[in-house]
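Residue-level structural notes
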Amino acid sequence: MSEITLRGISKRYADGTTAVDNVDLDIQDGEFVILVGPSGCGKSTLLRMIVGLEDISEGDLSIGGNRVNTLGPKDRNLAMVFQNYALYPHLSVRENIAFPLRLAKMEPGEIDQRVGEAARVLELGEFLDRKPAALSGGQRQRVAMGRAIVREPAAFLFDEPLSNLDAKLRVQMRTEIARLQKRYGTTTVYVTHDQTEAMTLGDRVAVLRKGIMQQVGSPRELYNNPINLFVAGFIGSPSMNFLPGQIRGGKLTLPMAELDLPEEFRERVGANAGGREEQSVIVGVRPEHFEDASMVSKDVLGSGVTFRSRIDVIEWMGSELYAYIPVQGSARHNQGMAELARELDQEDVRSEGDESQIVARLDPASRVREGEESELWLDARRLHLFEPETGASLTYREGAGDPTTEGAHPGASHGGSNGGGTAGGRGGELGGAGGAGAVRRDA
């Protein structure tokens, strides 16, 4: 068994900097878990503590049920694949892959068998006698993966392995890594800042912010049921739109429309209102929950609200159409969203005074035009509401957001105190980012 258990793991440096703060996480045997977050969130530090390259300041780390805090990297039986490949330039592909086996003084026949099998699986057979300098970036990364595979480790650890590859190679290697993990069934921990990798590769995804675990869950759960504003803004491309909202008398007022708050939201929002008749909220809307009103069937139209707005810019991509729509917010709201965008390593789409911009993904057959006013539709059933001061979700439901477990690892629902998808009190704090605006991830 190769489960990895983290209990109260923290990393503090001599100058007082806390890189990782009290992280709990259970990674099941054979599970593929992604550690994701913006630059500086502590994800690579956490991975290095698991492998033994960083000392653990507090907490307990167990691999296969055994506490390994004091063991060196070579005694933990883990294989790590780095961002920069870490190949020996003077050795052939064959010798690079065989290197850890020769260090372990394995029999030559066994070495040849393992290297040959890895080369076959990774389609490196014709390159075995080449040096790394004669390989492409994708081939070099496959050699690094081969070196990890031949060790037959308890777990694979990947530290942003695709960052140095171009876009096309990243897609190809992403598929390769997923295929290999399913083939070998080895426990895998994968660090990335790219949420596309996180959403497509992992059984579960763990989102970190400033060293604190925010939420752990399946990609579907994080997308449909984010626990706070930070997770909502980080997961999804283009990112979730954020708008200022006012709730009064069961109605939600947005900059461009007013709608009846769905019944299932009223109880949850009311419990957080503290007896106030009027409540300010941040409203989150995914781009795909807007639509050209003319494309919405009559039986669905009543589940949302229609509004008229001018379309600033259109991006037609064949299978998708993105429309950029100006909305009136407030300078305070826009400032808060700009701060969130910077923390998420994203670029604010637009923020000029009291006006900001949202992104809508429409049916590609839509005939909306740039610079013209169009009638659009917003699905009221798919709104997310957040508390402006803390960023905590008012519509989060424990265990919801993942209606299907198709393709999920059997252990995907397990976890420690963070394994169930909770963020903890500090995880929701956003320092009063009470504003509007749309945040879009760089493509």
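Look above for the structure.
Throughout what follows, the structure given in this document is the object of discussion. This one's a predicted model, so the numbers in the text were calculated from it and none came from an experiment.

The rules behind each value
Residues numbered from 1 in each chain as written. Predicted model: local features only at pLDDT ≥ 70, side-chain atom pairs only at ≥ 80, totals over all residues. Heavy atoms only, no water. Pairing = 2+ DSSP bridges. Helix = DSSP H or I, 4+ residues; strand = E, 2+ residues; numbered from the N terminus. Core = buried A, V, L, I, M, F, W, Y, C linked by side-chain atoms within 4.5 Å. Buried < 20%, exposed > 50% of the residue type's maximum accessible area, 1.4 Å probe, protein only. Contact = heavy atoms within 4.5 Å. Right-handed = clockwise from strand over helix to strand, strands pointing away. Salt bridge = Lys/Arg side-chain N within 4 Å of Asp/Glu carboxyl O.

Describing the sheet that holds strand E1 (residues 4–12)
On the basis of which strands lie adjacent, the open sheet formed by four strands has the order E2-E1-E4-E5 and antiparallel pairing. The open sheet has two edge strands, strand E2 (18–27) and strand E5 (66–67), and neither has a second partner. Direction of pairing for E1 relative to strand E4 (residues 58–63): antiparallel, over a ladder of five bridges. Residue Leu6 lies in a different strand from E4, and its bridge partner there is Leu61.

Re the nonpolar core
Ranked by size, the top nonpolar core spans 56 residues in total, and within it Ile34, Ile97, Met145, Tyr190, Val207 and Phe242 carry the most contacts. Residue contacts for Ile34: discarding those within four places in its chain leaves Tyr190, Thr192, Ala198, Leu201, Gly202, Arg204, Val205 and Ala206. By size, the runner-up hydrophobic cluster in this structure holds 32 residues, among which are Leu259, Val281, Leu362 and Leu383.

Considerations on the pairing of strand E8 (residues 187–192)
Counting buried positions along E8 gives six out of six residues, so the element sits mostly inside the fold. Remark: the strand E7 (residues 155–159)/helix H5 (residues 167–184)/E8 crossover connection has right-handed handedness.

Notes on the environment of Gln141
On the secondary structure map, Gln141 appears in helix H4 (residues 137–149). When the C-alpha positions of Gln141 and Phe82 are compared, they lie 8.7 Å apart, and in sequence the two are 59 residues distant. Among residues more than four places away in sequence, those in contact with Gln141 are Val81, Phe82, Gln83, Tyr85, Pro161 and Met173.

Digging into the pattern of salt bridges
Under the criterion given, the structure shown has 22 salt bridges. The partner of Glu31 in a salt bridge is Arg204, with the nearest N and O atoms 2.6 Å apart. Pair noted here: Glu31 is in the loop between E2 and strand E3 (32–36) and Arg204 is in strand E9 (residues 204–209), with a separation of 173 residues, a long-range link. Arg310 is paired through a salt bridge with Asp312; the nearest N and O atoms lie 2.2 Å apart. Bridged by salt links that share partners, the residues Lys11, Arg48 and Glu54 form one connected network.

Everything listed here is a matter of coordinates, which is why it stays silent on function.
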